[in-house]
Amino acid sequence: MSHTRYEPARPRLQRSELAVPGSNPAMFSKALESEADYVFLDLEDAVAPADKEPARAHVIKGLLERDWRGRGKTISVRINGIDTHYMYRDVVDV
């Protein structure tokens with residue numbers, strides 16, 4: 001049994017949500033600077049089939065290199081559906 005106590009996460013507002021296509025990394029910086037409280041990087045609908053793999057690489061890089069938490073953003077990634085062959089790599093890679 002663990003006796004480690006963790007401080008609760010600081011609550012963040014969720015007044016506005018911004019969807020950003022994973023295939024357009026230039027928009028990541030704009031999203032980071034925006035007033036949106038919640039940003040999701042989209043690998044699904046906003047990305048053309050030919051751009052799925054590069055978009056995944058852009059999202060991974062964007063998550064690692066940008067300080068989303070420091071800017072007060074809640075960040076998430078919308079992956080492709082379970083009925084697609086893209087979903088597995090989305091889960092494993094991201």
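Before reading on, note that the structure itself is shown above.
Since this is a predicted model, take the numbers as computed values, not measurements.

**Student:** Could you clarify how one ought to interpret the sheet that holds strand β3 (residues 74–78) in this entry?
**Tutor:** Hydrogen bonds along the backbone pair up the strands of a sheet, which may run parallel or antiparallel. If you trace the three strands from one edge of the open sheet to the other, you get β1-β2-β3, paired in parallel fashion. The open sheet has two free edges, formed respectively by β1 (17–21) and β3, since each of these has just one partner strand. Going across the sheet, the axis of each strand differs from the next one's by a mean of 25°, ignoring polarity. The pairing of strand β2 (residues 38–42) with β3 spans five bridges and is parallel. In the strand pairing of β3, Phe40 is matched with Ser76.

**Student:** Please explain helix α1 (residues 26–33) as it appears in this structure.
**Tutor:** The α-helix advances 3.6 residues per turn, and as a result positions three or four apart in sequence lie on the same side. Residues of α1 that are buried include every one of Phe28, Ala31 and Leu32, and no others. Taken around the axis of α1, the buried residues stretch over an arc of 100°, which confines them to a single face. The exposed residues of α1 that point more than 90 degrees off its buried face are Ala26 and Lys30. Buried residues along α1 sit against β1, β2 and α2 (52–65).

**Student:** I would appreciate a short explanation of the nonpolar core in the present structure.
**Tutor:** Within soluble globular proteins, side chains that are nonpolar tend to cluster in buried spots. With 11 residues, the main nonpolar core is built from Val20, Phe28, Ala31, Leu32, Val39, Leu41, Leu43, Val47, Ala55, Val59 and Trp68. Residue assignment for this core shows that the elements contributing at least two residues are α1, β2 and α2. The dominant element in this core, judged by the number of residues it contributes, is α1, at three residues. Not counting residues within four places of it along the chain, the set of residues in contact with Ala55 comprises Gly22, Ser23, Leu43 and Val47.

**Student:** Any chance you could explain the packing of aromatic side chains here in plain terms?
**Tutor:** Any aromatic ring pair is given by two values, namely how distant the centres are and how the planes are angled relative to each other. As enumerated under the stated definition, the model contains zero aromatic pairs in all. Between Lys52 and the ring centre of Tyr86, over which it is positioned, the NZ or CZ distance is 5.4 Å.

**Student:** Mind showing me how you'd approach the environment of Gln14 here?
**Tutor:** Take Gln14: it is sitting in the segment before β1. Judged by its relative accessible area of 48%, Gln14 falls in the partly exposed class. In this structure the C-alpha to C-alpha distance between Gln14 and Tyr38, which are 24 residues apart in sequence, comes to 6.0 Å. Each residue touching Gln14, except ones within four places of it in the same chain, is listed here: Asp37, Tyr38 and Thr74. In this structure the side chain of Gln14 is engaged in a polar contact, spanning 2.9 Å, whose partner is the side chain of Thr74.

Thresholds, definitions, all that
Residues numbered from 1 in each chain as written. Predicted model: local features only at pLDDT ≥ 70, side-chain atom pairs only at ≥ 80, totals over all residues. Heavy atoms only, no water. Pairing = 2+ DSSP bridges. Helix = DSSP H or I, 4+ residues; strand = E, 2+ residues; numbered from the N terminus. Axes fitted to C-alpha atoms, helices over the stretch in contact; angles between N-to-C directions. Buried < 20%, exposed > 50% of the residue type's maximum accessible area, 1.4 Å probe, protein only. Arc of directions from axis to C-beta. Contact = heavy atoms within 4.5 Å. Core = buried A, V, L, I, M, F, W, Y, C linked by side-chain atoms within 4.5 Å. Phe/Tyr/Trp six-rings, centres within 6.5 Å; stacked < 30°, edge-to-face > 60°. Lys NZ or Arg CZ within 6 Å of the ring centre and 35° of its normal. Polar contact = N/O pair within 3.5 Å; in protein donor to acceptor, adjacent residues only side chain to side chain.

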